[in-house]
Amino acid sequence: MFEHGNIYSDQSCGGACLDAKSGADFPYMPLGGEKKISSLVVASHCTLKVWSNSGKAKGGWSTTAGVVYQLRDYTNGLLGDWNYATQSYFCTCT
């Protein structure tokens, strides 16, 4: 999970980084990590589920292997998006 996202793929996935290992289960983001995620890279055979609420409350969104250059491209609720919205996460790999 990365702090910076950009429409230009070569400028995305930069800034501060939060590495989620398989089995990582964080109902609350590590100190300083809340609401700072704007792009993702998910390893092959892995799934990352994120929530916009602490404690993994209400719904959430998941993605499988690949790169998400801008979380703003993914809707969160009626008018929102996932850019800087991640408050908790769970990562699984097979």
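Shown above is the structure to which this text applies.
Per chain, the residues get numbers from 1 upward, laid out in the order the sequence is written. Note on the predicted model: pLDDT of at least 70 is required for a residue's local features to be given, and 80 or more for side-chain atom pairs to be given and counted; whole-chain, interface and lining totals, by contrast, use all residues. To obtain the side-chain values, all non-hydrogen atoms of the structure were used and water was disregarded.

Caption draft 1: Fine view of the overall build of the chain. The helix and strand labels rest on DSSP assignments: H or I over at least four residues marks a helix, E over at least two residues marks a strand, and numbering proceeds from the N terminus. Of the regular secondary structure elements, the chain holds 0 helices and 8 strands. In the chain, the succession of α and β elements from N to C terminus is β-β-β-β-β-β-β-β. Since a compact globule built from 94 residues should have a radius of gyration of about 12 Å, the 12 Å found for the chain is in line with a globular shape. Taking the principal axes of its C-alpha atoms as reference, the chain extends roughly 30 × 30 × 25 Å. Only protein chains enter the accessibility calculation, which uses a 1.4 Å probe; a residue whose area is less than 20% of its type maximum is buried, one above 50% is exposed, and one in between is partly exposed. Counting all 94 residues of the chain, 31% fall into the buried class. By the convention used here, residues are in contact when the closest approach between their heavy atoms is within 4.5 Å. The contacts of the chain with a sequence gap of at least 6 include a subset with a gap of at least 24, amounting to 65%. Atoms counted for the radius of gyration: C-alpha only. Globule rule: 2.2 Å times residue count to the power 0.38.

Caption draft 2: A look at the packing of aromatic side chains. For Phe, Tyr and Trp, rings pair up if their centres lie within 6.5 Å, where Trp contributes its six-membered ring, and each pair is then called stacked (planes under 30 degrees apart), edge-to-face (over 60) or tilted (otherwise). Taken as a whole and assessed by the stated rule, the structure comprises 3 aromatic pairs. Ring centres of W61 and Y74 lie 4.8 Å apart, and the angle between their planes is 50 degrees; on these two criteria the pair is classed as tilted. Of this pair, W61 sits in strand β5 (residues 61-68) while Y74 is found in the loop between β5 and β6 (75-76), placing the two residues 13 residues apart along the sequence. Through successive ring pairs, a cluster of aromatic residues spans W61, Y74 and W82.

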